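Chain by chain, the residues:
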Amino acid sequence: MTQFVIYDVFTEAPFGGNQLAVIPDATGLPEGDLQRIAREFNFSETTFVYPPENPDHTAKVRIFTPTTEIPFAGHPTIGTAIALRDRGHHGDMVLELGMGPIPCRFNGDMASFTTTASLEQVARPDPALVARALGLSPDQITTQSHAPVQATLGLPFVFAELTDKAALDACQPNVDAIREGATKHPAGLDFAIFAYIRKSSQIDARMFAPLDNIPEDPATGSAAATLAMLLAQTRATPQTLTIIQGEKMGRRSVIHAESDGKSSTISGTAVKTMEGVLVYS
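None of these values were measured; they are calculated from a predicted model.

Concerning empty space enclosed by the protein
Applying the stated criterion to the full structure yields two cavities of 30 Å³ or more. A volume near 90 Å³ is recorded for the largest cavity. Taken together, 16 residues make up the lining of the largest cavity; nearest its centre are Glu45, Leu155, Phe157, Asp217 and Thr220. Put simply, the parts of the chain that give the lining of the largest cavity at least two residues each are helix 2 (74-86), strand 13 (202-209), strand 14 (214-217) and helix 6 (221-235). If one sorts the elements of the lining of the largest cavity by residue count, helix 2 sits on top with three residues. Residues belonging to the lining of the largest cavity are distributed by class as follows: nine nonpolar, five polar and two charged. Lining the second largest cavity are Lys165, Leu168, Asp169, Asp204, Ala205, Arg206, Glu216, Ile244, Gln245, Gly246, Glu247 and Lys248. For the lining of the second largest cavity, the secondary structure elements donating two or more residues are helix 4 (165-170), strand 13 and strand 15 (239-245). Grouping the constituent residues of the lining of the second largest cavity by class yields three nonpolar, two polar and seven charged.

Notes on the nonpolar core
With 57 residues, the main nonpolar core has Leu95, Phe157, Phe159, Phe194, Leu227, Ile243 and Ile266 as its most contacted residues. Element by element, the count of residues in this core is highest for helix 6, at eight residues. Excluding anything up to four places from it in sequence, Ile243 contacts Phe194, Ile203, Ala205, Ala224, Ser253, Val254, Ile255 and Ala257. Leu168, Cys171, Ala182 and Phe191 belong to the second largest nonpolar core, which has 21 residues in total.

What to know about the environment of Glu161
Within the secondary structure layout, Glu161 lies in strand 11 (residues 157-161). Sequence spacing of Glu161 and Ala13 is 148 residues, and the spatial spacing of their C-alpha atoms is 29 Å. The residues contacting Glu161, other than those within four sequence positions of it, are Gln140, Ile141, Thr142, Ser145, His146, Tyr196 and Arg198. A distance of 3.4 Å separates the side chain of Glu161 from the side chain of Ser145, its partner in a polar contact.

Topic: the pattern of salt bridges
Pairing between side chains of opposite charge can happen when the charged atoms of each approach one another. The full count for this structure, using the stated rule, is 14 salt bridges. Note that Arg132 is salt-bridged to Glu180, the shortest N-O span being 2.9 Å. Taken together, the residues Arg132 in helix 3 (residues 127-133) and Glu180 in helix 5 (residues 175-184) connect sequence positions 48 residues apart. For Arg132, a relative accessible area of 39% puts it in the partly exposed group. Each of the salt bridges in this network shares a partner with another, and the network as a whole consists of Glu31, Arg62 and Glu69.

A short note on helix 5
Considered for burial, the residues of helix 5 that qualify are Ala177, Ile178, Gly181 and Ala182. When helix 5 is viewed along its axis, its buried side chains cluster within an angular range of 145 degrees and face the same direction. Among the exposed residues of helix 5, those pointing more than 90 degrees away from its buried face are Asp176, Thr183 and Lys184. As for helix 5, its buried residues are in contact with helix 3 and strand 12 (193-199). Sitting at the amino-terminal end of helix 5 is Asn174, which places a side-chain oxygen 3.0 Å from the backbone nitrogen of Asp176.

Quick notes on the packing of aromatic side chains
For any pair of aromatic rings, the description rests on two quantities: the centre-to-centre distance and the angle between the ring planes. Scanning the model with the defined rule gives six aromatic pairs in all. Geometrically, the ring pair formed by Phe4 and Phe41 is edge-to-face, given 5.2 Å between the ring centres and 70 degrees between the ring planes. Of this pair, Phe4 sits in strand 1 (residues 2-9) while Phe41 is found in helix 1 (residues 34-41), placing the two residues 37 residues apart along the sequence. Residue classification places Phe4 among the buried positions, given a relative accessible area of 15%. Overall, Phe41 belongs to the buried group, its relative accessible area being 18%. Aromatic ring contacts, followed pair by pair, group Phe4, Phe41 and Phe43 into a single cluster.

Cut-off values and rules
Residues numbered from 1 in each chain as written. Predicted model: local features only at pLDDT ≥ 70, side-chain atom pairs only at ≥ 80, totals over all residues. Heavy atoms only, no water. 1 Å grid on protein atoms, 1.4 Å probe; cavity = no way out; pocket = protein on both sides within 12 Å on 5 of 7 lines; lining within 4 Å. Points joined across faces, edges and corners; volume = space filled by probe spheres on them. Helix = DSSP H or I, 4+ residues; strand = E, 2+ residues; numbered from the N terminus. Nonpolar A, V, L, I, M, F, W, Y, C, P; charged D, E, K, R; others polar. Core = buried A, V, L, I, M, F, W, Y, C linked by side-chain atoms within 4.5 Å. Buried < 20%, exposed > 50% of the residue type's maximum accessible area, 1.4 Å probe, protein only. Contact = heavy atoms within 4.5 Å. Polar contact = N/O pair within 3.5 Å; in protein donor to acceptor, adjacent residues only side chain to side chain. Salt bridge = Lys/Arg side-chain N within 4 Å of Asp/Glu carboxyl O. Arc of directions from axis to C-beta. Phe/Tyr/Trp six-rings, centres within 6.5 Å; stacked < 30°, edge-to-face > 60°.

Read these as layout, nothing more, since geometry by itself doesn't imply function.
In structure tokens:
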């Protein structure tokens, strides 16, 4: 029977952070079952681990949301690396993802990965549409650092800086407006929005992707990597950020993000909460 483990990622305590199901050895699973298994777990992502294509690497990792396979995501990368370490893989790793090999390192219980993917600014959605998608008024979006922008390092998000914590707490996604945004600006995710406020080096954030069966995400490492690079480039200075996410969901997450404008590094911890076997077959 095929084993699975469940980790809470970007937290040091169980039942915080972002849940991740990891299948440490997916070689015996039929291809057609992968999406169904991810939908059954119904976490924002599930990872399936295979032997690496390059023998110098640690593993090949495929990442599925409840609705689709994606090439890259942050908390699955951190969580899978920690799960493999817990199963006896020692030292640094290279994980083969859909966007290419990603180096992963460890500092005690903290795992980190670095991406050197180029930042792509895909679109500049109308701020009024973004505000409506978040259930806010246009004056609750600030353009001091940047206007709302759809950007990606492998997984696209719409980034919107809000005026204050009250605006962030007030977000109530409007699915009709998000669907309109997805039609106007199609991308790998359907107008997923990363809304945030900044106070010095701390970012408070929320991420919504309801059309991808993620009403709200408690921790979004790929968006954190993209935001860090976006701010490093727009402000023309390296960024060192602590990103707090998931508080409104009762799943507080802490993501550490750094970027010099050419690469981004994401760091975090994870704890195992459950394990078992797939017995459906």
